[in-house]
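Understanding the architecture of this molecule
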Amino acid sequence: HLLIPAVRLVQNHVKVILILNGISSVERYTLQKEFPETPSLRIWTLPNSSWPHGHLLSLLLRSSKRDFGIIDHDFFLFDPSAINKLIFKENEFAICITIWRNSLTGIEFPGTHFLYLRASILQDIMAQHKVGANLYKKIPINVKPFLEEIGLSMDNPPKEYQSFFDSFLLLSALAMHDGFK
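Let me begin by describing the structure that accompanies this report. What you see is a predicted model; the values in this text were computed from it and never measured.

All right, on to the nonpolar core then. Ranked by internal contacts, the top residues of the largest apolar core, which has 31 residues, are L61, L117, L147, F168 and L171. Within the residue set of this core, elements represented by two or more residues are helix 3 (53-63), strand 3 (68-71), strand 7 (114-117), helix 4 (119-129) and helix 6 (169-177). Dropping the residues within four chain positions of it, L61 is found in contact with F68, L117, A119, L122, Q123, M126, A133 and L171.

The structure is reproduced here in structure tokens:
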């Protein structure tokens, strides 16, 4: 399983909590055997299904009392010194390793493969605009004018090759509209 080497690369540098989303009982057993001291949170789902990434991220953001990071199960951090650089500058809502640049607006969006989040800022934006970190196939009417002000629409989503706002991208766009980096 790809998660095992990914966790081994970071477990001595950060506190790891495994989010068990859509895994089989065999996978869960393997992870418990490999990482018996690592806390985990099992997300209950129907067999062979999982919560959408954005819904899970929204849940974590809404319930967190502190900043936190996420690392994809298939992201391998070979240079742990990157973790020491996770210090927010003024007005930053996220720190990431990978970005996506919208070619029409020049706006750089954080990639979610390795992402450190300033929970309080994102919670305020979620509450103010009544949105989450979900994938959006339609722009909520209440935020459409804000996105248009920065050049984004369903005709020009953050990732131009998509026809939707992928997980965390609508929330990121609103954060940038509101003056955060």
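Attention now goes to the layout of surface pockets. Quantified by volume, the largest pocket comes out at close to 1500 Å³. Lining the largest pocket we find 40 residues, and of these I17, I19, G69, I70 and I71 sit closest to its centre. When contributions to the lining of the largest pocket are tallied by element, the ones reaching two or more residues are helix 1 (3-10), strand 1 (18-21), helix 3, strand 3 and strand 7. Tallying contributions element by element places helix 3 first for the lining of the largest pocket, with 6 residues. Of the residues that constitute the lining of the largest pocket, the class distribution is 26 nonpolar, 9 polar and 5 charged.

The subject of this paragraph is the pairing of strand 1. Only one face of strand 1 is covered, namely the face carrying L18 and L20; the face carrying I19 and N21 is uncovered. Of the pairings in the sheet, the one linking strand 1 to strand 2 (residues 40-43) comprises 4 bridges and is parallel in character. Across the sheet, residue L20 finds its bridge partner in strand 2, namely R42. Taken together, strand 1, helix 2 (residues 25-34) and strand 2 constitute a β-α-β crossover, and its handedness is right-handed.

Side chains three or four residues apart in an α-helix point the same way, a direct result of the helix having 3.6 residues per turn. Of the residues making up helix 4, those classed as buried are A119, I121, L122, I125, M126 and H129. Projected down its long axis, helix 4 carries its buried residues within an arc of 165°, all on one side. In helix 4, the exposed positions that point more than 90 degrees away from the buried face belong to D124, A127 and Q128. Against helix 3, strand 3, strand 7, helix 5 (144-149) and helix 6 lie the buried residues of helix 4. Following helix 4 by one or two positions, K130 adopts a phi angle in the positive range, close to 55°.

What follows covers empty space enclosed by the protein. Tallying each qualifying case throughout the model produces 1 cavity of 30 Å³ or more. Roughly 30 Å³ of volume is contained in the largest cavity. Taken together, L18, L20, R28, L31, Q32, F35, T38 and S40 make up the full set of residues lining the largest cavity. Of all the secondary structure elements, the ones that give two or more residues to the lining of the largest cavity are strand 1 and helix 2. The biggest single contributor to the lining of the largest cavity is helix 2, with 3 residues. Looking at side-chain class alone, the lining of the largest cavity contains 4 nonpolar, 3 polar and 1 charged residues.

Parameters at a glance
- Along each chain, residue indices are assigned from 1 in the same order as the chain's sequence is written.
- Local features in a predicted model are, by the rule used here, given only for residues with pLDDT of at least 70; side-chain atom pairs are given and counted only at 80 or more, and totals for whole chains, interfaces and linings are based on all residues.
- Side-chain measures here rest on the full set of heavy atoms in the structure, leaving out hydrogens and waters.
- What makes a nonpolar core is a set of buried Ala, Val, Leu, Ile, Met, Phe, Trp, Tyr and Cys residues whose side-chain atoms join them at distances within 4.5 Å.
- Relative accessibility decides the category of a residue: with a 1.4 Å probe and only protein chains considered, values under 20% of the type maximum give buried, values over 50% give exposed, and everything between is partly exposed.
- In this description a helix means any DSSP run of H or I spanning at least four residues, a strand means any run of E spanning at least two, and both kinds are numbered starting from the N terminus.
- Working rule for contacts: check all heavy atoms of both residues, and any pair within 4.5 Å makes them a contact.
- Lining residues are those with an atom within 4 Å of a point, where the points come from a 1 Å grid over the protein atoms alone and group into cavities, where a 1.4 Å probe fits but cannot get out, or pockets, open sets with protein on both sides within 12 Å along at least five of seven lines.
- Grid points are joined across faces, edges and corners, and a volume is the space filled by probe spheres set on the points.
- For this classification, Asp, Glu, Lys and Arg are treated as charged, while Ala, Val, Leu, Ile, Met, Phe, Trp, Tyr, Cys and Pro are nonpolar and the rest, including Gly, are polar.
- Paired strands, in this sense, are two strands between which DSSP finds at least two bridges.
- Call a crossover right-handed when, viewed with both strands pointing away from you, the route from the first strand across the helix to the second goes clockwise.
- Picture the helix axis, draw a direction to every C-beta atom, and the arc is the one those directions span.

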